[in-house]
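Descriptive analysis of the structure
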Amino acid sequence: MTSYSANPNAIRVMIIEDHPEYREVVEIALQREDDFRLIGTYGAVEVAQRSLQNRDDRNMPDVILLDLNLPGIQGLDAIGSLSEMYPGAKIIALTQSEKEADVINAISLGASGYLVKSATVTQIKNAIRGVVKGEATLDSRVAKYVLDAIRSSPPVEQIDGHLTPRELEVLELLADGLTKKEIARALNLSTSTVSTHVVHVFEKLQVPNAPAAIAKAFRSGLFRS
């Protein structure tokens, strides 16, 4: 299914999800918003990949909602190939709450967002908008999986850049699953100031997004007392 928006700046979204009822709920939710343009829904990675091969840049996705449990090529295996086919697309992985290992693995493969299937349509829409702005969506349950898994491992990485106390504070709140606006409220800062801190954190840790920053912080022992 494809929908069109009169908004020239609409976010182009592709859905790869094999569950018809769940897929339809997300489709309807996105089609009701003027800032989204649904450019394709597919039940398998292979079909989506064939579609991407035949598109020009104007019809390529800005965001791909990717189920991790799919027939044929699995979602985890597809993250790298989809990113290679179109590096400009942000990938939001969808996972069941018990699939902790999938979430951990998806971090290293470069997904920009992680949502459990019980997320509301509002959370899904906000996640899409967030990753386009350079934010990374970490469902609170997903964040717990990530942090618990990494906490159980000893530090194995060194960090070259020194984070300031404020940058570390911002990173810790990102690890708790807070958005930039929520961090701004918590620290009594402007959102733009928080955004600047986040950019500096990413630069110093040499990572592309919040999940990767959180993972590296724990691997290096940065969050340890």
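Each remark here, short or long, concerns the structure printed above.
None of the values given here were measured: they were computed from a predicted structure.

**Section: helix α5 (residues 121-132)**
Compared with the 16 Å implied by 1.5 Å per residue over 12 residues, the 17 Å span of α5 between its first and last C-alpha is a close match. Of the residues making up α5, those classed as buried are Ile124, Lys125, Ala127, Ile128, Gly130 and Val131. Glycine 134 occupies a position one or two residues after α5 and carries a positive phi of about 95°.

**Re the packing of aromatic side chains**
Each aromatic ring pair is described using two quantities: the centre-to-centre distance and the angle formed by the ring planes. For the structure on display, the rule yields 0 aromatic pairs. Sitting over the ring of tyrosine 22, lysine 117 keeps its end group 5.0 Å from the ring centre.

**Re the pattern of salt bridges**
Within this structure, the stated rule accounts for 9 salt bridges. Arginine 129 is paired through a salt bridge with glutamate 33; the nearest N and O atoms lie 3.4 Å apart. Within this pair, whereas arginine 129 is found in helix α5, its partner glutamate 33 is found in the loop between α1 (20-31) and β2 (36-42), the two being separated by 96 residues in sequence. Glutamate 33 sits in the partly exposed class, given a relative accessible area of 24%. Connected through shared salt-bridge partners, Glu33, Asp35, Lys125 and Arg129 make up one network.

**Side note on unusual backbone geometry**
One non-glycine residue, asparagine 188, adopts positive backbone phi at about 60°. Position of asparagine 188 relative to the elements: it lies in the loop between α8 (180-187) and α9 (191-205). One non-glycine residue with positive phi stands out, namely glutamine 206, at about 60°. Along the chain, glutamine 206 falls in the loop between α9 and α10 (210-219). By relative accessible area, which is 63% here, glutamine 206 ends up exposed.

**Some points on the pairing of strand β5 (residues 113-116)**
Every second residue of β5 is oriented toward a common face, with Gly113 and Leu115 on one face and Tyr114 and Val116 on the other, all of them buried. Two elements, strand β4 (residues 90-95) and β5, share 4 bridges in a ladder whose sense is parallel. From the neighbouring strand, isoleucine 92 faces β5, where its bridge partner is glycine 113.

**Here's the deal with helix α3 (residues 75-85)**
Of the residues making up α3, those classed as buried are Gly75, Leu76, Ala78, Ile79 and Leu82. Each buried residue of α3 lies within a common arc of 140° when the element is viewed along its axis, so the set occupies one face. The exposed residues of α3 that point more than 90 degrees off its buried face are Asp77 and Glu84.

**A word on the nonpolar core**
Counting residues in hydrophobic clusters, the biggest one holds 26 residues, and the most contacted among them are Met14, Ile16, Ile64, Leu66, Ile79, Leu82 and Tyr114. At the level of secondary structure, the elements contributing two or more residues to this core comprise β1 (11-16), β2, α2 (45-53), β3 (63-67), α3, β4 and α4 (100-109). In terms of residue count, α3 provides more of this core than any other element does, 4 residues in total. When near neighbours in sequence (up to four residues on either side) are disregarded, isoleucine 64 contacts Met14, Ile16, Leu82, Ala89, Lys90, Ile91 and Ile92. Listed in part, the 21 residues of the second largest apolar core include Leu173, Ile183, Ala210 and Ala212.

**Examining the pairing of β3**
By the criterion of burial, β3 is predominantly enclosed, with 5 of the 5 residues buried. In terms of strand pairing, β3 meets β4 through 5 bridges, oriented parallel. When the sheet's bridge partners are listed, valine 63 is paired in β4 with lysine 90. The handedness of the β3 to β4 crossover, carried by α3, is right-handed.

**A short note on the packing of α2 against α3**
α3 packs onto α2 with a crossing angle of 5° between their chain directions and a minimal axis gap of 11 Å. Between α2 and α3, the interaxial angle falls into the category roughly parallel. On α3, the residues touching Val45, Gln49, Leu52 and Gln53 of α2 are Ala78, Ser81, Leu82 and Met85. Among the residues forming the contact of α2 with α3, the class breakdown is 5 nonpolar, 3 polar and no charged.

About the criteria used
- Residues numbered from 1 in each chain as written.
- Predicted model: local features only at pLDDT ≥ 70, side-chain atom pairs only at ≥ 80, totals over all residues.
- Heavy atoms only, no water.
- Helix = DSSP H or I, 4+ residues; strand = E, 2+ residues; numbered from the N terminus.
- Expected span 1.5 Å × (residues − 1).
- Buried < 20%, exposed > 50% of the residue type's maximum accessible area, 1.4 Å probe, protein only.
- Phe/Tyr/Trp six-rings, centres within 6.5 Å; stacked < 30°, edge-to-face > 60°.
- Lys NZ or Arg CZ within 6 Å of the ring centre and 35° of its normal.
- Salt bridge = Lys/Arg side-chain N within 4 Å of Asp/Glu carboxyl O.
- Pairing = 2+ DSSP bridges.
- Arc of directions from axis to C-beta.
- Core = buried A, V, L, I, M, F, W, Y, C linked by side-chain atoms within 4.5 Å.
- Contact = heavy atoms within 4.5 Å.
- Right-handed = clockwise from strand over helix to strand, strands pointing away.
- Axes fitted to C-alpha atoms, helices over the stretch in contact; angles between N-to-C directions.
- Parallel < 35°, antiparallel > 145°, perpendicular 65-115°, else oblique.
- Nonpolar A, V, L, I, M, F, W, Y, C, P; charged D, E, K, R; others polar.

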